[in-house]
Amino acid sequence: MEISLLTLALVAGVIVLAYRYYTKNNFYFADKPIPSLKPEFPFGNQNALMFKKVTIFEHFRNLYNAFPTAKIYGMFNVRQPVYVVRDPELIKQITVKDFDHFADHATTGLEDSSSDVLFANSLVSLRGQKWRDMRATLSPAFTGSKMRIMFELIAECGQSMVEHFRAEEAKVKSSGSGLQLEMKDVMSRFGNDVIGTAAFGIKVDSFRNPENEFITMARSIMNLQSVVKMVKMMGFALFPKLMARLKIDFLTKAEDQFFRQTIKETMRIREEKGIFRPDMIELLMQAKKGSLKHQQEGDDKKSAIGGATATEEGFATVEESQIGRRAHDRAWTDSELIAQAFIFFFAGYETVSWSMSFALYELAIAEDIQRKLREEIDETEASLADGEVIGYEKLQSMRYMDMVVSETLRKWPFATVLNRECIQDYQYDDGSGNKFTIEKGSLLLMPFIGMHFDEKYYSEPERFDPERFNEQNRKNIQSGTYLPFGIGPRNCIGSRFALMEVKVVLYYLLKHFRVTPCAKTQIPLKFKKSASQLATEQGIWLEFSSRTAT
């Protein structure tokens, strides 16, 4: 079979055009006074992660360490030029002082303002004025006063978990073995119950009914072992504009309908029967009516760039900016409000369950730290009146508890990296004569996990040491080097809720149990090399034994 010269010429032409398209930006950083990584086929500087040669933690630490003396450098995400920012002062400049130039998150393919997709309408994906209005709408729902109201719901979940553990321990004692549990599974169940009761107004019990509809749907959404889910996630990460054009939703139709119908039905019943419950559904109903407003709360005031100024606030708590405190007159649809409850579930389910798992792991292998925290818990219990149970203020006043949680978030930050998109040309000037323009549409990455492990900011960073965050040492932590909940106006709106949840778990479990390693415990923890999912190689197995018989 003969191949004509015309066919050969067409094939060669297509190959040349494809090559030129793919390599068009290879020299993007050549005229800029900053170092840059050389892109490699096919994923630019993401090959190691995409081909499962490194873990997610390792990848972003490697990016941070690529040019140790640079404040900012260039890399490539497939063929897209990306600025990597690794200097804390420059990070503050970009995310706080010059926020108006970098107000949006990176394009995900879910930003269509006319879309009815839940992800597209969530606070994480919204952009421009619509994001500002939604942030201002939701911000009053996450103040300290609202956390006090929600605290009892979270505490009930903690007490229920302890009762279940006691019952399970009694069953295994007869066989002479201890109660051994895999933390990520256990904490996902607890997190599911918390979100069910606090966000959706549904009381679920994922310990005694492990196959309830709520956790089944949660597992379905988070199942990144699913080929379809994994392909979608890769598509949104690497080819967001293409995904937007194809109008692809991350959720299946069944998953989408479950959340919509659950929330709509709950809202309908409450409106008809005048039911009040201190949870996220109630706050969203208030937001729809325009009655959810900020209150003047002295104990909620903190620095805009991190670090607590009052004992009542955890060190990791981030404060709302003036953008979140402004008034607006935008009316929201049910779909837009439902999207916020959904993203609260999506963001909180994985992140908080990992944080709780990591904290318990560190406490199990460091008995001296666990003992000190148990002593503080016992002292707190002793300070309560007869019949009194721990409340929000008491939990927040536990200083060593906050030190343990703060160190957990330093060593094991779930996010690992922040991103921003430049929405208007920005003139960069490092003050030493290096100037250039960061063009509108440019993507910036800030792999803050690198700073969390940089010896310049934290001595012996691989060591779990809560004393970094004691009253004296926390003053020495450089601003902008501790970012577990982000920074600036687009920081994590739910930091108070997340911290409260982690502290409730530690309080109730250590009040009743000692936590120790067992034969299944992997020390040190090792992670699977995956581009789409954070997962340990062998799980996080720990053993629980009752401190008392009561």
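What you see is a predicted model; the values in this text were computed from it and never measured.

(A) The arrangement of the overall build of the protein chain in detail. Helices and strands together make up the secondary structure of the protein chain, namely 18 helices and 9 strands. Seen through its C-alpha atoms, the protein chain measures out along the principal axes to roughly 90 × 60 × 55 Å. For the protein chain, restricting intrachain contacts to residue pairs at least 6 apart in sequence, the fraction spanning at least 24 positions comes to 74%. For the protein chain, the accessible surface area stands at approximately 24,600 Å², while carbon and sulfur atoms represent 54% of it.

(B) Quick peek at the sheet that holds strand β7 (residues 443-446). Across the sheet, 4 strands lie side by side as β1-β2-β7-β4; this open sheet has mixed pairing. Only two strands of the sheet have a single partner each, and these edge strands are β1 (72-77) and β4 (418-421). Here the strands of the sheet are splayed against their neighbours by 30° on average, with no regard to which way each runs. With 4 bridges joining them, β4 and β7 adopt antiparallel strand pairing. Each residue of the ladder has a partner; that of E421, found in β7, is L443.

(C) How the structure looks around the packing of helix α13 (residues 334-365) against helix α16 (residues 399-411). Contact geometry for α13 and α16: axes closest at 10 Å, N-to-C directions at 110°. Put simply, α13 runs roughly perpendicular to α16. For the pair α13 and α16, contact is made by S355, F358, A359, E362 and L363 and by V404, T408, L409 and K411, respectively.

(D) Just the pattern of salt bridges, in detail. Evaluated as defined, the whole model comprises 38 salt bridges. A salt bridge links R268 to E265; its shortest N-O distance comes to 2.5 Å. Taken together, the residues R268 and E265, both in helix α11 (residues 253-273) and 3 residues apart, mark about one turn of the helix. Note on R268: relative accessible area 36%, which makes it partly exposed. With a relative accessible area of 36%, E265 lands in the partly exposed category. The salt bridge partner of E362 is K411, with a shortest N-O separation of 3.0 Å. Here E362, found in helix α13, pairs with K411, found in helix α16; they are 49 residues apart in sequence, far enough to count as distant. Each member of the pair, E362 as well as K411, carries the same accessibility label: buried. What emerges from the salt-bridge pattern is a single network uniting D104, R127, E421 and R490.

(E) Quick peek at the domain arrangement of the protein chain. Structurally, the protein chain comprises domain 1 (12-106 + 416-478) and domain 2 (117-295 + 309-414 + 484-549). One C-alpha centre belongs to domain 1, the other to domain 2; they are set 28 Å apart. With 43 residues of domain 1 at the interface, the matching set in domain 2 holds 41 residues. Interface area for domain 1 against domain 2, summed over the two sides, is near 3,700 Å², with a carbon-plus-sulfur share of 65%. When the shortest N-O distance is used, the salt bridge between D104 and R490 registers 3.5 Å. At the junction of domain 1 and domain 2, the tally comes to 14 residue pairs in polar contact (both at pLDDT 80 or more).

(F) Representation of α11 in the model. Over its 21 residues, α11 extends 30 Å from the first C-alpha to the last, a length consistent with the 30 Å expected when each residue adds 1.5 Å. Where α11 is concerned, the buried positions are E255, D256, F258, F259, R260, T262, I263, T266, M267 and R270. Just downstream of α11 lies G274, where phi reads positive at about 65°.

(G) Looking closely at the nonpolar core. Judged by nonpolar contacts, the single largest core of 168 residues is most densely connected at F165, F190, F345, L509 and F544. Viewed by domain, this core spans two of them, domain 1 (12-106 + 416-478) and domain 2 (117-295 + 309-414 + 484-549), each represented by three or more residues.

Rules of the game
Note on numbering: residues in each chain are counted from 1, in written sequence order. Totals for whole chains, interfaces and linings use all residues, but because this is a predicted model, local features are given only for residues with pLDDT of at least 70 and pairs of side-chain atoms are given and counted only at 80 or more. Processing note: side-chain calculations cover all non-hydrogen atoms of the structure and skip hydrogens and water entirely. Strands are runs of DSSP state E lasting at least 2 residues, helices are runs of H or I lasting at least 4, and numbering of each runs from the N terminus. The criterion used for residue contact is that any of the two residues' heavy atoms lie within 4.5 Å. Every accessible area reported is derived by Shrake-Rupley at a probe size of 1.4 Å, with residue values counting cover from the shown protein chains alone. Pairing between strands is defined by DSSP: at least two bridges between the two strands are required. For helices, the fitted axis covers only the stretch in contact; all axes are lines through C-alpha atoms, and the angles between them, taken along N-to-C directions, range from 0 to 180 degrees. Our angle categories are set so that under 35 degrees counts as roughly parallel, over 145 as roughly antiparallel, 65 to 115 as roughly perpendicular, and the remainder as oblique. Salt bridge, as applied in this entry: a Lys or Arg side-chain nitrogen positioned within 4 Å of an Asp or Glu carboxyl oxygen. Summary of the burial criterion: residues with accessible area below 20% of their type's maximum are buried, those above 50% are exposed, and those between are partly exposed, where the area comes from a 1.4 Å probe applied to protein chains only. As used throughout, domain bounds are those supplied by an automatic or database domain assignment. The buried area of a pairing is the accessible area, by a 1.4 Å probe, that goes missing from both parts when the two are put together, added over both. Throughout this description, a polar contact denotes any pair of N or O atoms lying within 3.5 Å of each other; where both atoms belong to protein, one of them has to be capable of donating a hydrogen while the other can accept it, and for residues adjacent in sequence the pair is counted only when both atoms sit in side chains. One less than the number of residues in a helix, times 1.5 Å, gives the span that helix is expected to have. Nonpolar cores were defined as sets of buried Ala, Val, Leu, Ile, Met, Phe, Trp, Tyr and Cys residues, with membership established by side-chain atoms within 4.5 Å.

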